[in-house]
Amino acid sequence: MKRTSRALLFLAVIAVLSVAFIYGLGFLRRTVLQPKWKITKVPEEEVIGFVLYTVDDQVLNLTAQLYQLEPEADRTVRLEIKMDGEWEQIATTEVWEPEFIAPFQVKDWDDSQDHEYRVRHGEKAAYTGLIRANPLDKEEIVVAAFTGNGNSDRGPRPDIIKNIQRIDPDLLFFSGDQVYDHQDHLVSWLLWGRQFGEITRDRPTVVIPDDHDVGNANLWGNGGEPGFGGYQDPAYVRQVENAQTSHLPDPYDPTPIQRGIGTYYTSLTWGRIGFAILEDRKFKSQIDILDREMLESKGVVFSRPDHIEQLPDPDFLDVPEGTLLGERQLAFLEEWTADWSGQDMKAVLSQAPFAAVAHLHGPSRVRLAADLDSNGWPQSARDRALGKIRKGFAIMINGDQHLATVIQQGVEDFGDAGYSFSMPSVVNHYRRWWSPEGTTNTDEEGALAYTGQYLDNFGNKITMYAYANPNPTRTTYNRWLSQGAGFGVTRFNKRKRTITMECWPRGCDITDPTCEQYPGWPITITQEENYGRKATAYLPTIQVLDADDPVIQVVNDSTGETIYTLRIHGRSYRPKVFQKGTYTIKVHSRENQVVVTGVESLPEEVRERIQIQLKEKEE
Amino acid sequence: MRKRTFTWLAVLLIFLLLFLVIKAVIGQGVSYKQAPLILTSVSLIVLFGLYLLTSRYDIWIVGPKQVLYMGVGAGLYMLIRYLFTAILQISFGKISIHPAVCIPVLFGFSFGPGVGFFTGAVGSLLADFAIGWDVFPIWSIATGMTGMIPGFMSLLKEENIPQRYLSTLVILLIILSAGMVFLHPVVPEPWTGEIKDYTFWAYALLMGGAIMIANGYLMEQRDLNFVSINLWGALGIIVSTLLTSLGDIWLNNFSLETALIGEYAPYTAIDLLNLVLFAPLIMAAYHAARNRLGVRVQS
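## Quick notes on the overall build of chain B
In terms of helices and strands, chain B carries eleven helices and four strands. Against the compact-globule benchmark of 19 Å for 299 residues, chain B has a radius of gyration of 18 Å, which places it among compact chains. Projected onto the principal axes, the alpha-carbon positions of chain B cover approximately 50 × 45 × 40 Å. Each of the 299 residues in chain B was classed as buried or not, and the buried ones make up 51%.

Below, the structure written as structure tokens:
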């Protein structure tokens with residue numbers, strides 16, 4: 001008895017010690033192992049934290065992020081560029097508070113050459129960098145993209161910085177969830193700047209905030225209307241959007257949404273690649289648009305308001321009048337897809353893919369029948385958005401899901417819309433997996449299982465090409481692989497009109513041959529695959545006699561709708577159409593345009609030719 | 001007998017308590033999904049059943065010394081795994097070096113199944129937590145079983161069952177495992193979905209088996225314990241990895257082929273190779289320490 005009592009006592013002591021050890025280790029991880037990160041005040045000479053900028057249409061938008069200024073400190077910030085070896089002041093601006101940002105806009109910017117810049121505050125603080133020349137003649141434009149900078153690791157990102165410097169991209173894109181601290185944006189935004197400032201100081205950068213940035217776990221903005229999952233604090237949202245997006249080109253339509261929340265959706269042309277920068281949460285319908293009681297009576301089982309465990313029919317969730325991008329952004333896309341000024345190829349930058357690409361969610365790998373946070377919902381609104389985007393043959397680049405994927409979207413049929421490349425998270429604290437039920441479509445060694453055509457959880461048609469599932473095995477001694485963490489690179493080859501997507505893991509040197517991309521990558525597609533819809537008829541071949549790479553626009557005469565617009569490569573192109581009828585073909589180069597009306601569609605085997613002279617018209 | 005039962009239940013309860021504490025500390029709720037709950041419960045019931053079947057043997061005696069060994073074993077496992085997993089991260093090709101697998105085997109073999117289970121299960125929980133991963137009850141229970149099974153070693157002696165039966169069983173299991181991979185080598189990787197050729201792991205399994213047999217011949221004259229440790233440890237690894245892999249069919253939707261070829265075969269091969277390579281070294285170190293400190297071993 002005594003022996004047993006002593007053994008049990010010892011066991012209890014071990015249990016207590018283990019509990020104390022676990023809590024102690026947890027405390028150590030939170031304190032000693034995490035660097036001091038809440039830094040808002042620094043010495044006067046270091047007060048400029050980092051800089052973000054873009055250049056579009058000869059307009060420089062540059063925002064300097066400052067640490068908190070003392071009340072008595074000067075609020076003026078100066079921008080200088082080096083000319084003939086001397087610093088010359090070209091602009092001044094006042095600091096915005098509480099963001100502590102200094103946004104500059106310089107018009108008539110000479111983007112034909114590099115400019116060294118210096119941002120100055122007071123007498124001591126100076127921050128230098130490089131405004132790059134517009135890479136118009138560069139054959140390949142490289143975009144490096146990131147998402148989900150989780151706060152479970154608040155340390156520096158040296159592996160990413162070094163690899164990005166090796167790649168030397170022309171543009172950086174941060175698709176959202178730059179910060180996860182929902183209540184104090186300034187402090188975590190300054191940390192983000194310390195983590196990524198070394199790569200943003202020397203190249204244009206697009207940043208768009210996602211749900212966590214604006215203080216929401218998930219976000220259904222619904223035009224600013226209050227409600228479940230809507231914006232919580234408009235003042236906080238304005239602060240975040242000012243800090244993260246004031247360096248973007250001016251908004252396409254700056255009219256505020258409800259509660260005075262601004263907009264930033266816009267376009268950017270850089271290196272002859274056109275980028276539409278979208279806000280795919282701001283106008284999205286809130287989930288109370290669904291009649292939950294009615295759905296439950298049909299057998300839909302909710303595990304929480306936005307998570308559905310059982311869904312007898314995905315169509316139950318579709319709300320035809322629901323919105324995803326909203327009418328304003330759809331109008332913007334209609335115009336943007338038709339405008340190829342200074343552009344050879346196009347890309348849409350947004351927060352999340354327009355499909356539900358994850359089946360298993362979170363540490364317990366819960367299989368959801370549907371996640372309403374995904375942009376696969378509302379289905380009809382998703383289809384309307386993709387219907388617009390494909391008219392510009394634009395690839396979509398996004399993130400949010402903590403799961404890197406390449407899919408081709410389908411609207412009416414599989415593969416009839418564009419490709420979508422979702423980034424892996426930089427730090428993935430909440431893992432998701434692509435894991436459809438059923439058997440794999442392939443047994444080819446080296447391929448990925450479970451690729452090919454699938455209906456996502458909302459019944460949307462998607463074709464999966466690659467996914468980077470987390471790999472939490474005990475024998476894979478790489479925490480980044482176990483998270484499926486990394487970053488994406490998209491290469492636009494303007495001569496070949498191809499787009500190559502690369503998905504790199506973190507923690508290795510990408511120039512080392514042993515550092516491999518996630519299985520399934522790289523993937524190369526042609527520009528035209530972004531409108532993969534099958535032709536039902538063709539128009540005569542357009543042959544432009546006197547201009548290279550003109551823009552061709554096809555308009556349906558019976559509906560007046562622009563079917564698509566494309567800058568072709570070369571001088572000859574045979575437009576495809578999707579129903580028989582008559583069409584108007586508009587062909588234009590930089591200044592001149594020829595319009596051919598009443599063009600009858602032809603079967604594929606019947607070949608005719610229309611010759612067009614653009615310069616002759618001018619003469 | 002009641003005291004032993006009470007003590008063994010206390011061991012299992014402490015494991016569960018620590019699991020819940022770690023989940024709370026890392027800020028994750030416990031999954032109450034059917035599959036993990038049922039699998040964890042069934043595993044614990046099986047463990048208790050194993051105890052009931054063998055409770056009459058002295059291997060289940062848990063006194064203050066055994067409790068001390070449990071604490072030392074779990075701590076040692078955590079430290080060695082943390083060292084090799086989070087810091088050193090050494091691997092030779094596809095074979096990662098993690099000698100921690102030997103710790104529950106040696107503690108179970110030397111101090112009984114209760115100590116072996118606690119060393120593996122709690123050590124695995126603590127190591128996963130320290131490294132910064134999520135904790136997985138089935139994996140921890142399986143690591144506990146890797147330590148528990150060698151604790152049954154003395155049963156063979158007491159029941160006068162020749163060790164060659166065990167040798168034959170283990171060698172057959174290894175050959176079967178390798179044969180299974182040779183027959184169907186190309187399957188999707190469990191987590192990433194990449195379709196891979198797993199033939200390498202069949203050779204690795206055979207290599208592990210061959211080193212185990214060679215160890216037996218080489219060490220037989222010197223210390224029979226070496227041979228037994230290899231055999232019992234290999235059996236523990238095979239059984240526990242099979243448990244987790246088959247469990248993943250239900251838990252993680254793996255196909256049978258992915259569970260057996262993509263998960264069971266590589267993990268078993270890696271653990272087996274680490275066991276047969278490092279157990280003699282650790283045993284030698286242990287003997288040296290024991291001689292110096294005068295510690296007595298149950299076996």
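## Details of the nonpolar core
Ranked by size, the top nonpolar core spans 156 residues in total, and within it Ala 64, Val 206, Ile 277 and Leu 349 of chain A carry the most contacts. For this core, the element with the highest residue contribution is helix 3 (residues 185–200) of chain A, accounting for seven residues. Excluding residues that lie within four positions of it along the chain, Ala 64 of chain A makes contacts with Ile 48, Val 51, Val 77, Ile 101, Ala 102, Val 119 and Tyr 127 of chain A. Listed in part, the 93 residues of the second largest apolar core include Phe 15, Ala 259, Ile 270 and Leu 273 of chain B.

## Side note on the interface of chain B and chain A
In this assembly, 45 residues from chain B lie in contact with 43 residues from chain A. When contributions to the side of chain B that touches chain A are tallied by element, the ones reaching two or more residues are helix 1 (2–25), helix 3 (64–88), helix 5 (113–131), strand 3 (186–188), strand 4 (195–197) and helix 11 (256–293) of chain B. The dominant element in the side of chain B that touches chain A, judged by the number of residues it contributes, is helix 1 of chain B, at ten residues. Here the residues of the side of chain B that touches chain A sort into 25 nonpolar, 14 polar and six charged.

## What about the sheet that holds strand 2 (residues 59–66) of chain A?
Residues and elements named next belong to chain A. The antiparallel open sheet is built from three strands, whose spatial order is 1-2-5. Across the chains shown, the open sheet's two edge strands, defined by having one partner strand only, are strand 1 (48–56) and strand 5 (101–106). With direction set aside, neighbouring strand axes in the sheet form an average angle of 15 degrees. With eight bridges joining them, strand 1 and strand 2 adopt antiparallel strand pairing.

## So, the pairing of strand 3 (residues 76–83) of chain A
Residues and elements named next belong to chain A. Two elements, strand 3 and strand 4 (residues 86–94), share eight bridges in a ladder whose sense is antiparallel. Bridge assignment links Val 77 to a residue of strand 4, and that residue is Thr 93. The turn joining strand 3 and strand 4, which pair antiparallel and follow one another in sequence, is formed by two residues; a positive phi near 50 degrees is taken by Asp 84. Inspection of the sheet shows strand 3 paired to strand 6 (residues 115–121) by five bridges, in the antiparallel sense. From the neighbouring strand, Arg 78 faces strand 6, where its bridge partner is Arg 120.

## Some details on helix 5 of chain B
All names here are of chain B. Between its terminal C-alpha atoms helix 5 stretches 26 Å, which fits the 27 Å expected from 19 residues at 1.5 Å a residue. Of all 19 residues in helix 5, 18 are buried, a share of seventy percent or more. Remark: Gly 132 follows helix 5 within two positions and exhibits a positive phi of approximately 105 degrees.

## Re the sheet that holds strand 35 (residues 582–588) of chain A
Residues and elements named next belong to chain A. Taken together, the four strands give an open sheet; going across it, the order is 32-31-35-36, and neighbouring strands pair in antiparallel fashion. On the outer flanks of this sheet lie strand 32 (562–567) and strand 36 (593–600), each paired with one strand and no other. This sheet shows a mean twist of 15 degrees between the axes of neighbouring strands, independent of strand direction. With six bridges connecting them, strand 31 (residues 551–556) and strand 35 associate as antiparallel partners.

## Thoughts on unusual backbone geometry
Residue and element names in this part refer to chain A. Of the consecutive residues Glu 97 and Pro 98, the connecting peptide bond is found in the cis state with omega at 15 degrees. Within the secondary structure, Pro 98 is located in the loop between strand 4 and strand 5. Along the chain, Trp 521 connects to Pro 522 via a cis peptide bond; the corresponding omega equals 0 degrees. For Pro 522, the location among the structural elements is in the loop between strand 27 (498–505) and strand 28 (523–526). Here the phi dihedral of Asp 57 falls at roughly 55 degrees; this positive angle occurs in a residue that is not glycine. For Asp 108, which is not a glycine, the phi torsion comes out positive at approximately 55 degrees. One can find Asp 108 in the loop between strand 5 and strand 6.

What counts, and at which threshold
Residues numbered from 1 in each chain as written. Chains lettered and ligands numbered in written order. Predicted model: local features only at pLDDT ≥ 70, side-chain atom pairs only at ≥ 80, totals over all residues. Helix = DSSP H or I, 4+ residues; strand = E, 2+ residues; numbered from the N terminus. Rg over C-alpha atoms; globule rule 2.2 N^0.38 Å. Buried ≥ 20, exposed ≤ 12 C-beta atoms within 10 Å, placed from the backbone. Core = buried A, V, L, I, M, F, W, Y, C linked by C-beta atoms within 7 Å. Contact = placed C-beta atoms within 7 Å. Nonpolar A, V, L, I, M, F, W, Y, C, P; charged D, E, K, R; others polar. Pairing = 2+ DSSP bridges. Axes fitted to C-alpha atoms, helices over the stretch in contact; angles between N-to-C directions. Expected span 1.5 Å × (residues − 1).

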